[in-house]
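Okay, here's what each chain looks like letter by letter:
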Amino acid sequence: MTDGAKLYYETHGDGPDLLLIAGAGGTAASFAAIVPALAEEFRVIAYDRRGLNRSTGQGSRDGGMEQQAADVSAVLEAAGADRPVVFGTCGGASIAFEYCARHPDRVEALLAHEPITVRVLDDAAEQLAFFQDMYELNRVDGPVAAMRAWMEYMGRDFALKIRPTFLERTLADGDFVFRNDLMAMVSYLPDFDALRNRVRIRLALGDGSRAGGYNYARTVPPLAELLDCEVVSIPGHHTSYIYRPEIFGPALAAQARALTTRLSSGR
C-alpha cells in the first residue's frame, strides 16, 4: 500500500534486477510474452500502475510523474530490488526518466524505448494539441474511441485490430488512463541536468519505427542530444514486445545485459 493505492507487482527469474515500466494503459501483463527470455538471466520486476488492472487507486487525482516515481520506489522496496536496470517504453519512459532523475544512486542504468516525450519535438505544440483532442474525445465519446485515435497516431492499422483482451482492458481502465495519465506522460520533460552524466542511459529505437518516421520514434534523436547518450537499434515497432516477442525479448535481454555491470564484469 502506498499513498492510497495497493500496487500489484510480480517477479520472475533470478539474477540482476530488471524493472519493466509499460506505457499508458499498459500493465505487467503487457510484458508477459517477453518475460521468459528475460528471466533466463534477470530477476524481472513488472507492476500494474495505480488504478490499472490489479492495482487500486482509481480515486487518484494526481497522475503526475512525482507520484508515479514514488510508486516505483514503493514497488522496488517491496520487491527488495537492488539497483535495477530500468526499462521504460512509451509513456513508461517518462516515469523511468523521473524516477532515475530523483534516485540516480538507486539504479544500475536506464533503457528508454521510444519515449512519448513530444515536447522535445519541433512541432511540440501540434503534438500536444493532438493529445489534448484525444483527452476530449475520451470525455465525449469514451475510451474506445480515444484508443482508436491513439492507435491511428501510432502509424499502423492497429485501430482495426483491437483484440478482445485489449478491448476489455480499455473498457475497464481506459477512461482513468486518458483522464489521469495521458497528458502527464506526453507533456513531461525530463530533468536533463539531473540525468546527464549521473545515470547510464541508452535510448532504444525500433528499426521498424525508425523506417516509418513515427512520432514516438522522432523523439529519440533530440533526446539523445539533450542527454548526451547512445541510441541503440532494437527490432520491430513500438509494441513489438507484445506482437513480436520472439524478436523483442532477446534483443531487450541483450541491451539489459550490456548495461549490467555485474554481468559484463563477470560478477
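One structure accompanies this document, and this report is about it.

1. A closer look at the overall build of the protein chain
In step 1: Scanning the protein chain from N- to C-terminus turns up 13 helices and seven strands.
In step 2: Against the globule reference of 18 Å for 267 residues, the protein chain gives a C-alpha radius of gyration of 17 Å, in line with a compact fold.
In step 3: Its C-alpha atoms put the protein chain at 55 × 40 × 35 Å along the principal axes.
In step 4: Considering the protein chain as a whole, with its 267 residues, one finds that 57% of them fall into the buried category.
In step 5: When contacts within the protein chain are restricted to residue pairs at least 6 apart in sequence, long-range pairs at least 24 apart make up 77% of them.
In step 6: Of the accessible surface of the protein chain, which amounts to about 11100 Å², a share of 48% is contributed by carbon and sulfur atoms.

2. Details of the packing of aromatic side chains
In step 1: Evaluation of the coordinates by the stated rule reveals eight aromatic pairs.
In step 2: With a centroid separation of 5.2 Å and 35 degrees between ring planes, the pair formed by Phe 31 and Tyr 241 is classed as tilted. In this pair, Phe 31 sits in the loop between strand E2 (17-21) and helix H1 (35-39) while Tyr 241 sits in helix H11 (residues 240-243), placing the two residues 210 residues apart along the sequence. In this pair, the class of Phe 31 matches that of Tyr 241, namely buried.
In step 3: Ring geometry for Phe 87 against Phe 248: centres 6.3 Å apart, planes inclined by 70 degrees, an arrangement best described as edge-to-face. With Phe 87 in strand E4 (residues 85-89) and Phe 248 in helix H12 (residues 245-259), the pair connects residues that are 161 residues apart, well separated along the chain.
In step 4: Look at Phe 87 and you get buried, because its relative accessible area is 0%.
In step 5: With a relative accessible area of 0%, Phe 248 lands in the buried category.
In step 6: Taken together, the ring pairs connect Phe 31, Phe 87, Tyr 241 and Phe 248 into an aromatic cluster.

3. Points about the state of the cysteines
In step 1: The full count for this structure, using the stated rule, is zero disulfides.
In step 2: Free cysteine Cys 100: the closest other cysteine sulfur is in Cys 229, separated by 12 Å.
In step 3: For Cys 100, a relative accessible area of 0% puts it in the buried group.
In step 4: The class for Cys 229 is buried, based on a relative accessible area of 17%.

Rules of the game
Residue numbers run consecutively from 1 along every chain, following the written order of its sequence. Local features in this predicted model are restricted to residues whose pLDDT is 70 or higher, and side-chain atom pairs enter the listing and the counts only when it is 80 or higher, whereas totals over whole chains, interfaces and linings include all residues. Hydrogens are left out, water is left out, and the side-chain values use all remaining heavy atoms of the structure. Think of it this way: any DSSP run of H or I at least four residues long counts as a helix, any run of E at least two long counts as a strand, and we number them from the N terminus. Two things to know: the radius of gyration comes from C-alpha atoms, and the globule rule equals 2.2 Å times the number of residues to the power 0.38. Throughout this description, buried means an accessible area under 20% of the type-specific maximum (1.4 Å probe, protein chains only), exposed means over 50%, and partly exposed covers the range between. Should any heavy atoms of two residues lie within 4.5 Å, those residues are considered in contact. Working definition of accessibility: Shrake-Rupley area with a 1.4 Å probe, residue cover restricted to the visible protein chains. For Phe, Tyr and Trp, where Trp contributes only its six-membered ring, two rings pair if their centres lie within 6.5 Å, and the inter-plane angle classes them as stacked under 30 degrees, edge-to-face over 60, or tilted in between. A pair of sulfur atoms, both from cysteines and within 2.5 Å, is called a disulfide here.

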